[in-house]
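# Breakdown of the fold
So you can see what is in the structure, the chains are spelled out below.
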Amino acid sequence: MGTNDMRVAIIGSGASGIAAAYYLMDRGIDDVTLFEKAAQMGGTWRDNRYPGVACDVPSHLYRFTFAPNAEWTQRCSPGDEIQRYMVDVAHKTGIYDHIRFDNEVTEAVYSDGRWSVTTDAGPQGIFDAVISAGGALHHPKMPGIDGIDSFAGKACHSARWDDTLDLGGKRVGIIGSGSTGTQIVCAVADVAAQLTLFQRTAQWIMHLPNHPIDEGKRQEYRDDAASMDSYYHYLADRFNSVFADAVSGHNAEAYAHMAQACMVNLNTNVHDPELRAKLTPDYKVGCKRLVVSDRFYQAIQQPNVHLETADIAHIEPAGVRTADGILHSLDVIIYATGFHAHSLCHPMRITGRDGGDLLEQWKTGNAAYRSVAVPGFPNWFMVGGPNSPIGNFSYLMTAEMQARYIASLIGEIAEGRARTIEPKDDVTHAYNAQLRNAMAGTIWTSGCDSWYFDPQGRVASYPWSYARFAEEMQVPALDDFIVERSFKRRMARRNRPQG
Ligand code: NA7
């Protein structure tokens, strides 16, 4: 098979899908189709349009290595700017023309070296490989609070923002105090008449000043790509060897510094001892995903803002009733209650070799070889698959490394050295056993609940250092795979009619 005969389906056109398409095309594999369930691309940054949405990774790091951007307007740019960047990259790379919008993949079935893909718009043909790139923080999680449907005001989940919502002068309740709830509090405190944050668990907050990048600096980056590039590498080094290695337990000094900084942030910026006690977590810094904000403590202390830590008893037409019997009367409720982060590939029906059902197999826990492939599912790959480093590294770096790795495996097929590739069962088992062992000593298992835990109670992140991840993603270890080679089969496929 030549690179031009190879057909690849990519599921999703967010950051992971763009990275996957880019690295395939970079290898000369151009027959790539991205199936996108929505009418626009963008994944996370399309779905999250709540007030204050921004990335907590600095923008000059949160970009593809192949698409530097001199135009970022803030150190940590707002979500709509990132969304415009994603669309812009898709246009400039030509990826946009490969997206089939309004096509939600419902089924993918493997047979004899190929996958047939079906969307809600019907059968889409036969592909030599599939890359699932649907993202982990994709399915909003609504809380199971009694009476939730009885509320008479307006309500929405943060990732399903109601664009008609006007919060000006309203009594607003926010349920959830993670990264999302915190960003919304900062944005809405000045707008709402009254704002109540319903906090179930306090969060550690890292102070990271956000500031505008002025036109002079942007011009400097436009004129001097090398200086922008060296800034990227500086940020990458700081982020990976300091932040990422600190939270994954590979840089004790950086961890101590980070923990101290969070403590100082709380103690110096929250003045009332009672409020400070309510905002003080009872677990270690980094156990839950660290919240980054330069404004939260200031916002929560505004006179029109109230932090409520009593348990929620139920929701009723007029508002939220807490367990102490108090009714918090509200016009709007915002659910910043997170995502079903482990529903990877849901709700697709994915049938592999010998009729194996991926989601059935994952009922006892999502598992993969190095996050990117699964035994029994030849030529099926994933960007952001099980145990991707979800809480530690900049996601775009992760996505790019996985995409490059997958493109290299698909290159084996495209260049005729393989017909099918799937990871060996025993190697995958050993990898996952190692993962579980390594996870036992991480900060994430040190005594808190978080979205890193899967339904089986296991932390579904990546326990090792950034250096190890980069090493693992460098070059595929082909010995870890069953690589089926068949010249006859290749010729048969070359002569097949196009599906
Ligand atoms: P998170 O981090 O999962 O936060 C969800 C928040 O919602 C968290 O404070 C939860 O409290 C709270 N929550 C969830 N269910 C309930 C119920 N039933 N009652 C009260 N409070 C509840 O989601 P985010 O959207 O903030 O952030 C997700 C990631 O996106 C983030 O980590 C970044 O990587 C980007 P809990 O702490 O569980 O007690």
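Above this note sits the structure.
Here's a quick rundown of the structure. (Residues numbered from 1 in each chain as written. Predicted model: local features only at pLDDT ≥ 70, side-chain atom pairs only at ≥ 80, totals over all residues. Heavy atoms only, no water.)

## With respect to the layout of surface pockets
The test is simple: In this analysis the probe radius is 1.4 Å and the grid spacing 1 Å, with only protein atoms considered; a cavity is a set of points the probe fits into but cannot get out of, a pocket is an open set with protein on both sides within 12 Å along at least five of seven lines, and lining residues have an atom within 4 Å of a point. Grid points are joined across faces, edges and corners, and a volume is the space filled by probe spheres set on the points. Counting from the N terminus, the helices are DSSP H or I runs at least four residues long and the strands are E runs at least two residues long. Side-chain classes are defined by residue name, with Ala, Val, Leu, Ile, Met, Phe, Trp, Tyr, Cys and Pro counting as nonpolar, Asp, Glu, Lys and Arg as charged, and the others, Gly among them, as polar. Where each domain begins and ends follows an automated or database-derived domain assignment.
Here the second largest pocket is characterised by a volume of approximately 410 Å³. Taken together, 21 residues form the lining of the second largest pocket, with Gly-52, Ala-54, Gln-183, Asn-210 and Asp-294 sitting closest to its centre. Going through the elements one at a time, helix H4 (179–188) and strand S12 (291–292) are the ones with two or more residues in the lining of the second largest pocket. Considering each element in turn, the lining of the second largest pocket owes the most residues, 5 residues, to H4. For the lining of the second largest pocket, a count of residues per class yields 10 nonpolar, 8 polar and 3 charged. Split by domain, the residues of the lining of the second largest pocket number at least three in each of domain 1 (3–139 + 340–495) and domain 2 (154–212 + 218–335).

## Side note on the site of the ligand
Definition in use: For this description, a residue counts as near a given molecule or strand if any of its non-hydrogen atoms is within 4 Å of it. We define a polar contact as two N or O atoms separated by no more than 3.5 Å, with the added condition that, inside protein, one atom must be a possible hydrogen donor and the other a possible acceptor, whereas residues neighbouring each other in sequence contribute only through side-chain atom pairs. Areas reported as accessible are Shrake-Rupley estimates using a 1.4 Å probe. Residue values count occlusion only from the protein chains shown.
Around the ligand lies a shell of 17 residues, among which Ser-177, Thr-180, Arg-200, Thr-201 and Lys-288 are the nearest. Between Thr-180 and the ligand, the recorded distance is 2.6 Å, taken from a side-chain N or O atom to an oxygen atom. Separating an oxygen atom of the ligand from a side-chain N or O atom of Arg-200 is a distance of 2.9 Å. Here the ligand has 770 Å² of accessible area as a free molecule, and 83% of this is covered by the chains. A class-by-class count of the residues in the shell around the ligand yields 6 nonpolar, 8 polar and 3 charged.

## Some points on the side chain of Ser-248
Rules: We call two residues contacting when some pair of their heavy atoms lies within 4.5 Å.
You can see Ser-248 is positioned in the loop between helix H6 (225–247) and helix H7 (252–269). Those residues in contact with Ser-248 that lie beyond four places of it in its chain are Asn-392, Trp-444, Pro-463, Trp-464 and Ser-465.

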